[in-house]
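# Fold and contact review
Here is what each chain is made of, one letter per residue.
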Amino acid sequence: MEIFSSNRSFGGWTKMFSHSSYSCKGIMRCSIYLPPQVNTLKAPVLYWLSGLTCTHENFITKAGVQKFASELGLIIVVPDTSPRGAGIEGEDEDYDLGTGAGFYINATQGKWSTHYRMEDYIIHELPKVIEEHFPAKKDTKAIFGHSMGGHGALTLALKYPNAFRSVSAFAPICAPSQCPLGKKAFSAYFGDNKEDWLKHDANELMKTSSLNIPMLIDQGSEDEFLEKELNFKKFEVTCSSLNYPATFRMQKGYDHSYFFIASFIEDHINFHAKELSI
């Protein structure tokens, strides 16, 4: 591990580091916020998954999360959204496929299958890295994310029902097998077998998952992707039909940007802190 950036922030430290990843077969970058409480105690960890085109930097520099994490004693971990510089033909051609668009899945098709294994990275590898190098409580984790990262947070929680204590999302892609962004990515990463797509679709996974943790989803009413890509209402109906303990909030006037995230980040931090027994 190499820590290449370290800044004092709200009594704690915002750090950025790189490490060699066995899951993604290359160097991965990640940001972390360490609250002041870790000077004497191990702290719970809240994982943030970012959206398309983002890196490990966007959330940690734009969302204003440090103040609230410092007050509540939460470690915040922000991985990158994909492998980078893998040398895959076409990986940098489109914003919604390849670099910056890992979709938090394990690709099974051809050129993508060796490096694009973000599911293994987030679930199995990164927690071990964090627990080895930082004062993090073992197996005391929650997860949240935005857009593609909201999809990742929901699907990983649903696929690994014992991994996290709570899950939340801002404007998640709720049914990627039924939207243009998801169809493009899944066709490349999984091929034409639609049954494989459904294994990474929150709306479908909800129907069979044993997950039973609190869930919070915020969506902006003026989000430019709302109608075409996100399927917010469809997922709300599915959760309601199953009596799942999820809270869905439509925030009037808000769009898809980090202004939206920053406006409600305190709510999400408090939501997770309660479940992490802070």
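For the structure itself, consult the block above.
Below is a short write-up of the structure. Residue positions are given per chain, counting from 1 as you read along its sequence in written order. Reporting in this predicted model follows two pLDDT cut-offs: at least 70 for local features of residues, and 80 or more for side-chain atom pairs to be given and counted; totals over whole chains, interfaces and linings ignore these cut-offs and use all residues. Note: side-chain values were computed over all heavy atoms of the structure, leaving out hydrogens and water.

Along the backbone of the protein there are 10 helices and 9 strands. Values of the radius of gyration come from C-alpha atoms, whereas the globule rule sets the reference at 2.2 Å times the count of residues to the power 0.38. Since a compact globule built from 278 residues should have a radius of gyration of about 19 Å, the 17 Å found for the protein is in line with a globular shape. The C-alpha extent of the protein, read off along each of the three principal axes, is 50 × 45 × 35 Å. Whether two residues are in contact is decided by their heavy atoms: any pair within 4.5 Å suffices. Considering only residue pairs separated by 6 or more positions, the protein has 72% of its internal contacts joining residues 24 or more positions apart. Under the convention used here, a 1.4 Å probe and the Shrake-Rupley method define accessible areas, while residue burial counts only the protein chains that appear. Accessible surface, the protein: about 11300 Å² in total, of which carbon and sulfur atoms supply 48%. Where helices and strands are cited, they refer to DSSP runs of H or I of at least four residues and of E of at least two residues respectively, numbered from the N terminus.

Moving on, we get to the pattern of salt bridges. A pair is scored as a salt bridge if a Lys or Arg side-chain nitrogen falls within 4 Å of a carboxyl oxygen belonging to Asp or Glu. The full count for this structure, using the stated rule, is 12 salt bridges. Where Lys-184 meets Asp-94, a salt bridge forms, and the shortest distance between an N and an O atom there is 3.3 Å. Here the residue Lys-184 occupies a position in helix H5 (residues 180-190), and Asp-94 occupies one in the loop between strand E5 (75-79) and helix H3 (118-133), the gap between them amounting to 90 residues. Buried means the residue's accessible area, taken with a 1.4 Å probe over protein chains only, is under 20% of the maximum for its type, while exposed means over 50%, and partly exposed covers the values in between. By relative accessible area, which is 34% here, Lys-184 ends up partly exposed. A network of salt bridges, in which partner residues are shared, links Asp-94, Asp-96 and Lys-184.

Next up on the list: the sheet that holds strand E9 (residues 246-251). Whether parallel or antiparallel, the strands of a sheet pair through hydrogen bonds between backbone atoms. When DSSP finds two or more bridges between a pair of strands, those strands are recorded as paired. Strand order in the open sheet formed by 9 strands is E1-E2-E3-E5-E4-E6-E7-E8-E9, with mixed pairing between adjacent strands. Unpaired on one side and paired on the other, strand E1 (2-9) and E9 mark the two borders of the sheet. Adjacent strand axes in the sheet meet at a mean angle of 20 degrees when their direction is disregarded. In terms of strand pairing, strand E6 (residues 136-146) meets strand E7 (residues 167-170) through 4 bridges, oriented parallel. Interaxial angles span 0 to 180 degrees and are taken between N-to-C directions of axes, which are lines fitted to C-alpha atoms, for helices over the stretch in contact.

If you trace the backbone, Phe-134 turns up in the loop between H3 and E6. According to the relative accessible area criterion, Phe-134 is buried, its value standing at 8%. Along the chain, Phe-134 and Lys-42 lie 92 residues apart, while their C-alpha atoms are 8.4 Å from each other. If sequence neighbours within four positions are ignored, Phe-134 has contacts with Met-1, Phe-17, Ile-32 and Leu-34.

Next up on the list: the pairing of E6. In terms of residue burial, E6 counts as a mostly covered element, since 8 of its 11 residues are buried. The pairing of strand E4 (residues 43-49) with E6 spans 6 bridges and is classified as parallel. For Leu-46, the partnering residue across the bridge sits in E6 and is Ala-142.

Looking now at helix H2 (residues 65-72). Given 3.6 residues to a turn, an α-helix orients residues that are three or four positions apart in the same direction. Along H2, the residues that are buried comprise Val-65, Gln-66, Phe-68, Ala-69 and Ser-70. Considering only its buried residues, H2 is in contact with E1, strand E2 (12-21), strand E3 (26-34), helix H1 (58-62), E5 and helix H10 (258-275). A positive backbone phi angle near 75 degrees is found at Gly-73, which sits one or two residues after H2.

Moving on, we come to the packing of aromatic side chains. For Phe, Tyr and Trp, rings pair up if their centres lie within 6.5 Å, where Trp contributes its six-membered ring, and each pair is then called stacked (planes under 30 degrees apart), edge-to-face (over 60) or tilted (otherwise). A full pass over the atoms with the stated rule returns 17 aromatic pairs. Seen from their ring centres, Trp-48 and Phe-144 are 4.7 Å apart, and the 85 degrees between their planes marks the pair as edge-to-face. On the criterion of sequence distance, the pair formed by Trp-48 in strand E4 and Phe-144 in strand E6 is long-range, its members being 96 residues apart. Across the pair, Phe-144 and Trp-48 agree in class, each one buried.

Phi angles above zero are rare outside glycine, and Asp-139 is one such case at about 60 degrees. Positionally, Asp-139 belongs in strand E6. Positioned with a positive phi, Asn-231 is a non-glycine residue whose angle comes to about 55 degrees. Within the element layout of this structure, Asn-231 appears in the loop between helix H8 (226-230) and helix H9 (232-241).

Our focus in this paragraph is the nonpolar core. Burial of nonpolar side chains together is a common tendency in soluble globular proteins. By size, the foremost hydrophobic cluster in this structure holds 93 residues, and its most contacted members are Phe-59, Ile-76, Ile-130, Ile-143, Tyr-189 and Phe-235. Ignoring any residue separated from it by four or fewer positions in sequence, one finds Tyr-189 in contact with Leu-97, Gly-98, Ala-101, Gly-102, Phe-103, Ile-105, Ala-107, Thr-108, Gln-109, Trp-112 and Tyr-116. Definition of nonpolar core: a set of buried residues of the types Ala, Val, Leu, Ile, Met, Phe, Trp, Tyr and Cys, connected through side-chain atoms within 4.5 Å.

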